Amino acid sequence: VVSCMVNFAAGYVVEALAKAELPLSVTSLNYDVMQMAFCVKLLTLGAITILINADFGIEIFGIGGLLGLVGNGDHTDLDRRWFYLVGTQVIKLVLWSTWNPVLAALLQRPFFDAWRWWFTSRAETWRDLKRLYTPPDFPMAVQHAEVLSAVFAVLILSSGLPVLNVFLLARMLLYFFTDRHMLLRGSIIPPRYTHHLALSMVRWLQLAVFIHTLLAIWIFGCPMLFASKEEGTTTTTTTHDAAGPDL
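Owing to the predicted nature of the structure, the values given are computational and were not obtained by experimental measurement. (Residues numbered from 1 in each chain as written. Predicted model: local features only at pLDDT ≥ 70, side-chain atom pairs only at ≥ 80, totals over all residues. Heavy atoms only, no water.)

Colleague: Is there a simple way to think about the packing of aromatic side chains in this case?
Modeller: Geometry of an aromatic ring pair is reported as the spacing of the ring centres plus the angle between the planes. Tallied over the full model, the rule gives six aromatic pairs. Each ring, one from Phe-176 and one from Phe-177, has its centre 5.1 Å from the other, and the planes form 80°; the classification is edge-to-face. Look at Phe-176 and you get partly exposed, because its relative accessible area is 48%. We classify Phe-177 as partly exposed; its relative accessible area is 48%. Three or more aromatic residues joined by ring pairs make a cluster, and in this case those are Phe-38, Phe-152 and Trp-204. (Phe/Tyr/Trp six-rings, centres within 6.5 Å; stacked < 30°, edge-to-face > 60°. Buried < 20%, exposed > 50% of the residue type's maximum accessible area, 1.4 Å probe, protein only.)

This is how it looks when you write it as structure tokens:
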């Protein structure tokens, strides 16, 4: 629940901080917002869960891991127990965080109508009325960060959790229809953006594909998950004993 709340609020908090820096253009503002929001949302989509449950095997001043928070878990490798415990938590995070941008997109227009109805009688000048009847901006940077963080996280983890690909497809379909509704029904006409946001997304996805390949090699080469036929019954028995009871 906490991760979902942080994921929901991250984009709006980051956008407020980026505006405080007084950027030179709308494109530079959205670029900074997307980069920062992407990093925060990626952490909430399983990265923090994985780091907390990992065992780095280090101690600093007698405290396990980093300050006793990161790397002080019980898992030194991606065994069956890891997939049963940590993998299940990651899947739940991906599922629950799907509804944050969907609800925000669907509720933007009703909130705008309620705000306009409540303050119309209090408007005194033409500028007040114009401000009331002008829809909010379409959160281009936040929506880019939402899509990018979801695709990035699923690309990395889908080697061991292929069911995430199905959830990602459903998530992208929901984003398409809800973003279209928010853009056409609940937002002001957006300005002309340059190509920098899309180019940044492509570069991040190239990194995700590379990490996906490395993680796939690690997972499929783990002897605790896949027994070799050449090693026969001994390897299978060892793997079963090391992993614990069948899950």
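Colleague: Is there a simple way to explain the environment of Thr-44 in this structure?
Modeller: Examined against the element boundaries, Thr-44 turns out to sit in helix H2 (residues 26-53). Residue classification places Thr-44 among the buried positions, given a relative accessible area of 8%. Separated by 46 residues in the primary sequence, Thr-44 and Val-90 have C-alpha atoms spaced 9.4 Å apart. (Helix = DSSP H or I, 4+ residues; strand = E, 2+ residues; numbered from the N terminus.)

Colleague: In this structure, what is going on with the layout of surface pockets? I would like to understand it.
Modeller: Picture a little ball the size of a water molecule; that probe, rolled over the atoms, points out where space is still empty. Estimates place the volume of the largest pocket at around 540 Å³. Lining the largest pocket are 22 residues, and of these Glu-15, Pro-136, Asp-137, Phe-138 and Pro-139 lie nearest its centre. Mapped onto the lining of the largest pocket, the elements with two or more residues apiece are helix H1 (2-20), H2, helix H4 (99-119) and helix H6 (140-157). Taken together, 23 residues form the lining of the second largest pocket, with Ile-50, Leu-78, Trp-82, Leu-157 and Leu-215 sitting closest to its centre. Listing elements by their share of the lining of the second largest pocket, those giving two or more residues are H2, helix H3 (80-97), H6 and helix H8 (196-220). At six residues, H2 tops the list of elements feeding residues into the lining of the second largest pocket. (1 Å grid on protein atoms, 1.4 Å probe; cavity = no way out; pocket = protein on both sides within 12 Å on 5 of 7 lines; lining within 4 Å. Points joined across faces, edges and corners; volume = space filled by probe spheres on them.)

Colleague: Even after reading the chapter, I still don't get the packing of H6 against H8, so can you show me in this structure?
Modeller: Packed helices, taken two at a time, are described by their axes: the angle between them and the distance between them. Contact pair H6 / H8: the axes reach a minimum separation of 8 Å and the direction vectors enclose 15°. What the angle tells us is that H6 and H8 run roughly parallel. The handedness of the crossing between H6 and H8 is right-handed. On H8, the residues that touch Met-140, His-144, Val-147, Leu-148, Val-151, Phe-152, Leu-155, Ile-156 and Leu-157 of H6 are Leu-197, Met-201, Trp-204, Leu-205, Leu-207, Ala-208, Val-209, Ile-211, His-212 and Leu-215. Its residues assigned to classes, the contact of H6 with H8 comprises 17 nonpolar, two polar and no charged. (Axes fitted to C-alpha atoms, helices over the stretch in contact; angles between N-to-C directions. Parallel < 35°, antiparallel > 145°, perpendicular 65-115°, else oblique. Left-handed = near helix turned anticlockwise from the far one by under 90°. Contact = heavy atoms within 4.5 Å. Nonpolar A, V, L, I, M, F, W, Y, C, P; charged D, E, K, R; others polar.)

Colleague: So what exactly am I meant to see when it comes to the environment of Ser-149 here?
Modeller: Mapped onto the elements, Ser-149 comes out in helix H6. Look at Ser-149 and you get buried, because its relative accessible area is 0%. Along the chain, Ser-149 and Met-201 lie 52 residues apart, while their C-alpha atoms are 9.6 Å from each other. In this view, Ser-149 contacts Phe-38, Lys-41, Leu-42 and Leu-45; residues no more than four positions away in its chain are not counted.

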